[in-house]
Amino acid sequence: MVQLSRICCRKYGKFIDNLRLYVRGGSGGMGLPRLGGQGGDGGDVWVVATKDMTLKKVKDKYPHKRFVAGTGENSSVKALKGARGEDCSIPAPVGITVTTDNGRLIGNLDAVGDCVKVAKGGKGGSYHSLFNPSKARPCQIRLDLKLVADMGLVGFPNAGKSSLLTALSNAKPEIASYAFTTLQPEIGKLMYKDHKQISVADLPGLIEGAHLNKGMGHRFLKHVERTKQLLFVVDVSGFQLASKTPFRSAFEAVQLLTKELELYKKELVSKPALLVVNKMDLPDAAEKLEELKVQLQNPEGFCSILDDDMIPDEYINFQHIIPVSALTGFGIEQLKSCIRQSLVEEAEAENEFGHEEKLQELRQHFDKLSRTSAAVAKNVVI
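Quick look at the structure, then.

Quick notes on the rules
- Residues numbered from 1 in each chain as written.
- Predicted model: local features only at pLDDT ≥ 70, side-chain atom pairs only at ≥ 80, totals over all residues.
- Heavy atoms only, no water.
- Helix = DSSP H or I, 4+ residues; strand = E, 2+ residues; numbered from the N terminus.
- Buried < 20%, exposed > 50% of the residue type's maximum accessible area, 1.4 Å probe, protein only.
- Contact = heavy atoms within 4.5 Å.
- Pairing = 2+ DSSP bridges.
- Axes fitted to C-alpha atoms, helices over the stretch in contact; angles between N-to-C directions.
- Salt bridge = Lys/Arg side-chain N within 4 Å of Asp/Glu carboxyl O.
- Phe/Tyr/Trp six-rings, centres within 6.5 Å; stacked < 30°, edge-to-face > 60°.
- Lys NZ or Arg CZ within 6 Å of the ring centre and 35° of its normal.

Along the chain, the position of Val48 falls in strand β3 (residues 45–49). Owing to a relative accessible area of 21%, Val48 belongs among the partly exposed residues under this scheme. Along the chain, Val48 and Asp114 lie 66 residues apart, while their C-alpha atoms are 5.9 Å from each other. When neighbours within four sequence positions are excluded, Val48 is seen to be in contact with Ser89, Ile90, Pro91, Ala92, Leu109, Asp114 and Cys115.

In structure tokens:
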């Protein structure tokens, strides 16, 4: 039983972001041959996005992880049409992707109230089936959580993401001077004076080869998919994961992070992105920041230090480059302002694009009406 539990869900401490469930629709009810009665259909099984729900709560409330809908009622002399079986609802958090065991997508739950049918009930017995009902087929499904946030922090271990999230918001992730401090995703809320709130997700640190599922691997990368924008965080002085791994400058870290995202899912690098250069309280930080800015203006000219397979196909053009010190608080207010500005600009661009699409549809509609009117006028006999 313990082994099955390990297979059925993945954990970061008490955090669960993947759950495997057994689901089966209800069987249909028997028909009544002598009166031509029809049995009720079996109920369906649905997954429903529910407020304040987590996969851990689902697992704790339903430890057997089995969900079966109600059986349709048999046809009888009193009720020739049997009642339909009761549906079964599985509560789930927002941000869930529902798939079959072999990875086929069933649906996404992006907002409270969204629902997806995961098991269909069997048909009730009728004349066409010789009054015999059909049974629903059982199956296994997976609920895979991909965090929904405005901003997702992207950075190698020890870049200072957890410290930055603490400085920015009300989140209190564990902070220490060793790699992989963040073992579970954390979401913080940025609060502004006009009561505007922006969510920022701190996710387990990447390492080189994360796209191949090394380190936290896909456990991290899948959460990036549903963030609106990316917030790259690099140490201004560079980064070295371990004594046997190569030292990477801040510029190299940016390009390697870009490559990891690109190899996992190319669309990720098309998201709007900001670059936070952290630890500006360290010696020579100002000179290293200026060097980084020069390198980012002409990345092709400085990527010769990387192996060919580590160079991204496309370089990210950051909306803003913000130097900060999560330790001293330097640059934090400017960063909060840039985050908000970037999200507003994206929303305005989306609205403008949607407006243009509607105008184009109207133009096409009126052009079609004009052509129709002209054709009618041409065929009118006076």
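This paragraph deals with the sheet that holds strand β10 (residues 149–154). Taken together, 6 strands build an open sheet; the order of strands is β11-β12-β10-β13-β14-β15 and the sheet is mixed. Edge positions in the open sheet fall to β11 (186–191) and β15 (321–323), since each of these has one partner strand only. Between one strand axis and the next, the sheet turns by 25 degrees as a mean value, whatever way the strands run. The sheet contact formed by β10 and strand β13 (residues 227–235) spans 5 bridges and is parallel. Directly across from Ala149, in β13, lies its bridge partner Thr227. Against the sheet, helix α5 (residues 250–264) makes contact with β10, β13 and β14 (273–278), and its axis sits at roughly 145 degrees relative to β13, the strand it touches most. The strands touched by helix α6 (residues 285–297) within the sheet are β14 and β15, with β14 carrying the most contacts at an inclination of about 155 degrees.

Before going further, it helps to examine the pattern of salt bridges. Under the counting rule described, the total for this entry stands at 15 salt bridges. Here Asp41 makes a salt bridge to Lys123, at a shortest N to O gap of 3.9 Å. Here Asp41, found in the loop between β2 (15–24) and β3, pairs with Lys123, found in the loop between β8 (115–119) and β9 (139–145); they are 82 residues apart in sequence, far enough to count as distant. We note a salt bridge from Arg248 to Glu252, for which the minimum N-O separation is 3.4 Å. For the pair shown, Arg248 and Glu252 are each scored as buried.

What follows deals with the packing of aromatic side chains. Applying the stated rule across the entire model yields 4 aromatic pairs. Here Phe156 and Phe239 contribute two aromatic rings whose centre-to-centre distance is 5.0 Å and whose plane-to-plane angle is 0 degrees, an arrangement assigned as stacked. Placement of the pair is Phe156 in the loop between β10 and α3 (161–168) and Phe239 in the loop between β13 and α5, with a sequence separation of 83 residues. Each member of the pair, Phe156 as well as Phe239, carries the same accessibility label: buried. Between the aromatic rings of Phe251 and Phe302, the centroid separation amounts to 6.2 Å while the plane-to-plane angle is 70 degrees, which identifies the pairing as edge-to-face. Taken together, the residues span a long stretch of sequence, with Phe251 in helix α5 and Phe302 in the loop between α6 and β15 at a distance of 51 residues. A relative accessible area of 1% places Phe251 in the buried class. Above the ring of Tyr22, the side-chain terminus of Arg66 is found at 4.2 Å from the ring centroid. The side chain of Lys336 reaches across the aromatic face of Tyr192, ending 5.2 Å from its centre.

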